[in-house]
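The residues making up each chain are set out below.
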Amino acid sequence: MTAMLQKGWKQAKLILPGFLVCVVIALIGQGIARFLPMVGAALFAILLGIAAGNTFLNKEVFNAGTKFSEKTLLEISIVLTGLTLNLGDIVAVGWQGVVFITGQMLLTIFIAFFIGRKLGFGRKFSLLMSAGNAVCGSSAIATVSPVVGADTKDKGISITIVNVTGTVLMVTLPLIAGAMYQHAVLPTSALIGGTLQSIGQVIASAKFVSDPVVEMATVFKIVRIIFLVLVALGFSRLNTSEEGKLFSRKSASASDGGEAGGKAGKKFSAGIPWFIIGFFLCSVIFTTGVVPPLLSAGAKTVSGQFEIIALAAIGMRVKFRDLVREGPKALLYGGLVGACQIVCALGLIALLFR
């Protein structure tokens with residue numbers, strides 16, 4: 001027992017410096033976001049993390065803590081999110097809503113992956129961008145990154161680009177909805193809730209329109225988040241190495257060499273990551289109605305805080321050289337995907353919500 005305690009204390013001392021730095025960065029990011037709520041704390045946290053991690057906090061002593069925050073806290077955050085999602089919301093949007101969301105997500109995944117490959121990005125980065133834009137931004141990228149075996153660089157840059165794209169769309173979509181639908185509740189909610197990357201961006205964007213749009217757009221967004229489990233399961237069947245066919249699962253396990261690839265291969269063999277199972281089970285439990293409102297509210301708060309801390313950690317582990325090399329092309333990538341999402345959403349809305 002004493003040996004275990006000593007080992008635990010030693011591990012805690014390694015983690016603590018980096019963890020505390022990430023907490024401070026997250027708090028600063030949230031403080032700035034109070035003055036610029038349209039941008040959101042997530043983007044500020046990762047940008048501040050990138051700035052600090054490449055300058056005065058670029059020290060070995062913080063590595064263990066940032067790695068812990070990036071991985072463990074984000075996984076716990078994803079599980080806790082399940083305690084706020086009611087599977088009954090799928091019924092609330094009706095069959096047209098479910099078809100719209102399914103179609104929009106599938107088109108976004110396909111288009112984002114296609115554009116990424118045409119721009120010369122690897123399979124893993126393209127899949128991260130696909131998930132981030134199709135489902136729920138940072139959380140989706142964090143969820144699928146261990147499934148596809150992505151490294152910290154790809155994770156950090158994809159989260160940054162997805163958040164930047166979402167911030168631009170957050171202001172743009174209410175203008176498009178006004179021109180196309182005169183802010184009618186159902187099509188406007190579908191456009192905003194079915195396109196924007198994070199739930200915070202959905203709420204902020206919908207507030208530009210009306211409270212009924214806020215409520216309905218949030219339901220559309222929640223259904224997309226519920227579908228995250230299916231996206232992760234689908235991605236787990238893919239070959240994420242650069243060799244072989246994308247849908248050749250055997251090839252992924254056998255041919256993907258490096259550290260990330262080895263982890264991906266093990267993940268295919270081991271099955272579904274624990275936090276995906278936890279997320280789904282928590283959603284089922286919440287749907288039964290046995291979770292007290294206070295517990296659900298607490299889970300939402302803790303989950304949100306853990307996510308911001310984890311994003312600060314991801315930023316700390318992204319290097320300027322990677323941003324300089326990939327940043328401009330990645331911004332073009334994000335812009336093209338965002339434009340395609342709008343076009344797809346307008347087309348599906350015209351077909352399904354006449």
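Residues numbered from 1 in each chain as written. Predicted model: local features only at pLDDT ≥ 70, side-chain atom pairs only at ≥ 80, totals over all residues. Heavy atoms only, no water.

### Description of the environment of Val 21
Turning to step 1, where the next piece is worked out: Note on placement: Val 21 falls in helix α1 (residues 2-35).
Turning to step 2, where the next piece is worked out: With residues near it in sequence (within four places) discarded, Val 21 still touches Leu 57, Phe 62 and Met 316. (Helix = DSSP H or I, 4+ residues; strand = E, 2+ residues; numbered from the N terminus. Contact = heavy atoms within 4.5 Å.)

### Overview of helix α2 (residues 41-53)
Turning to step 1, where the next piece is worked out: If you check α2, its first and last C-alpha atoms are 18 Å apart, about what 13 residues at 1.5 Å a residue would give, namely 18 Å.
Turning to step 2, where the next piece is worked out: Burial within α2 is extensive, with 10 of its 13 residues counted as buried. (Expected span 1.5 Å × (residues − 1). Buried < 20%, exposed > 50% of the residue type's maximum accessible area, 1.4 Å probe, protein only.)

### A look at the packing of α2 against helix α16 (residues 293-316)
Turning to step 1, where the next piece is worked out: At a closest axis distance of 6 Å, the pairing of α2 and α16 adopts a crossing angle of 35 degrees. Between α2 and α16 lies a crossing whose hand is right-handed. For the pair α2 and α16, contact is made by Ala 41, Ala 42, Ala 45, Ile 46, Gly 49, Ile 50, Ala 52 and Gly 53 and by Ile 308, Leu 311, Ala 312, Ile 314, Gly 315 and Met 316, respectively.
Turning to step 2, where the next piece is worked out: Among the residues forming the contact of α2 with α16, the class breakdown is 11 nonpolar, 3 polar and no charged. (Axes fitted to C-alpha atoms, helices over the stretch in contact; angles between N-to-C directions. Left-handed = near helix turned anticlockwise from the far one by under 90°. Nonpolar A, V, L, I, M, F, W, Y, C, P; charged D, E, K, R; others polar.)

### A word on the nonpolar core
Turning to step 1, where the next piece is worked out: Grouped together as the largest cluster of nonpolar side chains are 108 residues, with contacts concentrated most on Phe 100, Ile 101, Val 135, Leu 191, Ile 192, Phe 235 and Tyr 333.
Turning to step 2, where the next piece is worked out: Among the elements that make up this core, the one with the highest residue count is helix α17 (residues 320-352) (10 residues).
Turning to step 3, where the next piece is worked out: Leave out the neighbours within four places in its chain, and Ile 192 touches Leu 173, Val 202, Ser 205, Ala 206, Val 209, Val 213 and Ala 217. (Core = buried A, V, L, I, M, F, W, Y, C linked by side-chain atoms within 4.5 Å.)

### A short note on the packing of aromatic side chains
Turning to step 1, where the next piece is worked out: In total, this model carries 8 aromatic pairs according to the counting rule given.
Turning to step 2, where the next piece is worked out: Ring centres of Phe 121 and Tyr 333 lie 5.2 Å apart, and the angle between their planes is 20 degrees; on these two criteria the pair is classed as stacked. Of this pair, Phe 121 sits in the loop between α5 (94-118) and α6 (123-136) while Tyr 333 sits in helix α17; the two residues are 212 residues apart in sequence, bridging distant segments of the chain.
Turning to step 3, where the next piece is worked out: The buried category is assigned to Phe 121, whose relative accessible area is 6%. (Phe/Tyr/Trp six-rings, centres within 6.5 Å; stacked < 30°, edge-to-face > 60°.)

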